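Geometric and topological summary
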Amino acid sequence: METDGAKCMCERSYVEVEGKMFNDAIHGSISIHPLCVQIIDTPQFQRLSVCYLAGKLVRAIQSRQPELNINSEDVLSVEVAGLCHDLGHGPFSHLWEEFVEMSPRKEKWTHEEASEKMFDYLIEANNLSEYFNKYDLDIQFIKKLICGLTESERQKNEKAFLYEIVANKRTGVDVDKWDYFLRDGHNLGIRVKFDYHRLVKYSRVIQVDGEWQICMRDKECNNLYDMFHARETLHRTAYQHRVVKIIDSMLIDAFLCADEHIKYQGKDGGSPRSSEGQRNLRKHLEEKTLHLCRTD
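A quick note: this is a predicted structure, and the numbers were derived from the prediction, not measured.

What follows covers the overall build of the protein chain. Tallying secondary structure elements over the protein chain gives 14 helices and 4 strands in all. Burial statistics for the protein chain: of 296 residues in total, 47% are counted as buried. Partitioning the intrachain contacts of the protein chain with sequence separation of at least 6 by distance along the chain shows that 63% fall at a separation of at least 24. Split by element, the accessible area of the protein chain, about 15,900 Å² in all, is 51% carbon and sulfur.

Structural data, given as structure tokens:
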């Protein structure tokens, strides 16, 4: 017999929360969850990122495989992770990571680690904890969705497949790439022909070598080839183009020359360099905003 508590949970999982509509150049009119809108409206956030595609894929799997026990909290957590996984990017995106590593301190720094810290900072600075509590979301779980699992963690986790949606470190097939391949192709006038709608439709979670993984139908192999071909084309004609790399080198040289002259007032009274700004999230945010950078 179904208890009142179980009935409430069941009804709750199927209640549609009214979101906010956005008009996107790639995906058209998309509806975004109110919690995601709260995040978008903060100063730390700049873009929709891959929230929409992350939700689309996890809901497709949820509807096809109820035995996986994907609940509404899982779905929203994946959407928030898709929204926030690039929060830690510095000015000029990946270029800033190269600059930091080439600076006098030669500090190893990645935008994924910074994204976790910026996510915490965003929640604290904008008093968003109550919204996460309202939807029963685990902030640590979302941060893990952003940075991924270790191999041992994947083997012990029955929902390890959720960590392959936003940033798939196992195969490289994830919604982050789908989104920026299409968006960059659109903005650069490069035809990108893979069909992510079919990849969503024909995706399924299967246990492979003891791990639960997101897999695609064999008949979608050519579609996956097209996706990786799109990646190769964008890298060859844009990201790794010789003129782009020359300009990147010139910018890094300029940053390195200016590094000892551009400083800010630290909390302890010191004057850290610009290349050390990522260790202070407020300063890192100021640098991002100042450069009005595009991140991917």
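Another point: the pattern of salt bridges. Side chains that differ in charge, positive against negative, can pair when their charged atoms come close. Enumeration over the complete set of coordinates arrives at 10 salt bridges. The closest approach of N and O atoms between Arg170 and Glu164, which form a salt bridge, is 2.9 Å. The class for Arg170 is partly exposed, based on a relative accessible area of 32%. One salt bridge in this structure joins Arg217 and Asp218, with 3.8 Å as the shortest N-O distance. Look at Asp218 and you get exposed, because its relative accessible area is 61%. Taken together, the shared-partner salt bridges connect Asp24, Asp179 and Arg183 into one network.

Let's shift gears to the side chain of Ser49. Along the chain, Ser49 turns up in the loop between helix H2 (34-40) and helix H3 (51-64). When its relative accessible area of 16% is taken as the criterion, Ser49 is described as buried. A polar contact of 3.0 Å, which involves the side chain of Ser49, links it to the backbone oxygen of Gly82. Reaching out from Ser49, the side chain makes a polar contact with the side chain of His85 at a distance of 3.5 Å. With near-sequence residues (within four places) excluded, Ser49 lies in contact with Gly82, Leu83, His85 and Asp179.

Moving on, we come to a nonpolar patch on the surface. On the surface, Val243, Ile246, Ile247 and Met250 cluster together into a nonpolar patch covering about 360 Å² of accessible area. Inspection of the secondary structure puts Ile247 in helix H13 (residues 242-259). In this structure Ile247 comes out as partly exposed when scored by relative accessible area, which is 43%.

Right, let's talk about the pairing of strand S3 (residues 203-208) for a bit. Pairing geometry for S3 and strand S4 (residues 211-216), over 6 bridges, is antiparallel. Bridged to Val208 within S4 is Glu211. The loop that links S3 with its antiparallel partner S4 comprises 2 residues; one of these, Asp209, has a positive phi angle of about 50°.

Bringing the packing of helix H4 (residues 72-84) against helix H8 (residues 139-147) into the picture now. Close contact between H4 and H8 brings their axes to 9 Å; oriented N to C, the two are set at 55°. The orientation of H4 with respect to H8, classified from their angle, is oblique. Seen from above, H4 lies across H8 with right-handed handedness. Every residue of H8 that contacts H4 at Asp74, Ser77, Val78, Val80, Ala81 and Cys84 is listed here: Phe141, Ile142, Leu145 and Ile146.

Next up on the list: the pairing of strand S2 (residues 28-32). Relative to S2, strand S1 (residues 20-24) runs antiparallel, the two being bridged by 5 bridges. Looking across to S2, one finds that Lys20 is bridged to Ile32. The antiparallel hairpin formed by S1 and S2 contains 3 residues in its connecting segment.

The subject of this paragraph is empty space enclosed by the protein. Overall, the coordinates contain 1 cavity of 30 Å³ or more when judged by the stated rule. Of the voids in this model, the largest cavity is the one considered here, and its volume is about 80 Å³. Around the largest cavity sit Gly148, Leu149, Arg154, Ala160, Tyr163, Glu164, Ala167, Asn168, Lys169 and Arg170, which together line it.

Procedures and definitions
- Residues numbered from 1 in each chain as written.
- Predicted model: local features only at pLDDT ≥ 70, side-chain atom pairs only at ≥ 80, totals over all residues.
- Heavy atoms only, no water.
- Helix = DSSP H or I, 4+ residues; strand = E, 2+ residues; numbered from the N terminus.
- Buried < 20%, exposed > 50% of the residue type's maximum accessible area, 1.4 Å probe, protein only.
- Contact = heavy atoms within 4.5 Å.
- Areas by Shrake-Rupley, 256 points an atom, 1.4 Å probe, with all protein chains shown as cover.
- Salt bridge = Lys/Arg side-chain N within 4 Å of Asp/Glu carboxyl O.
- Polar contact = N/O pair within 3.5 Å; in protein donor to acceptor, adjacent residues only side chain to side chain.
- Patch = residues over 30% accessible without salt bridge, like charges linked within 9 Å, V, L, I, M, F, W, Y side chains within 5 Å.
- Pairing = 2+ DSSP bridges.
- Axes fitted to C-alpha atoms, helices over the stretch in contact; angles between N-to-C directions.
- Parallel < 35°, antiparallel > 145°, perpendicular 65-115°, else oblique.
- Left-handed = near helix turned anticlockwise from the far one by under 90°.
- 1 Å grid on protein atoms, 1.4 Å probe; cavity = no way out; pocket = protein on both sides within 12 Å on 5 of 7 lines; lining within 4 Å.
- Points joined across faces, edges and corners; volume = space filled by probe spheres on them.

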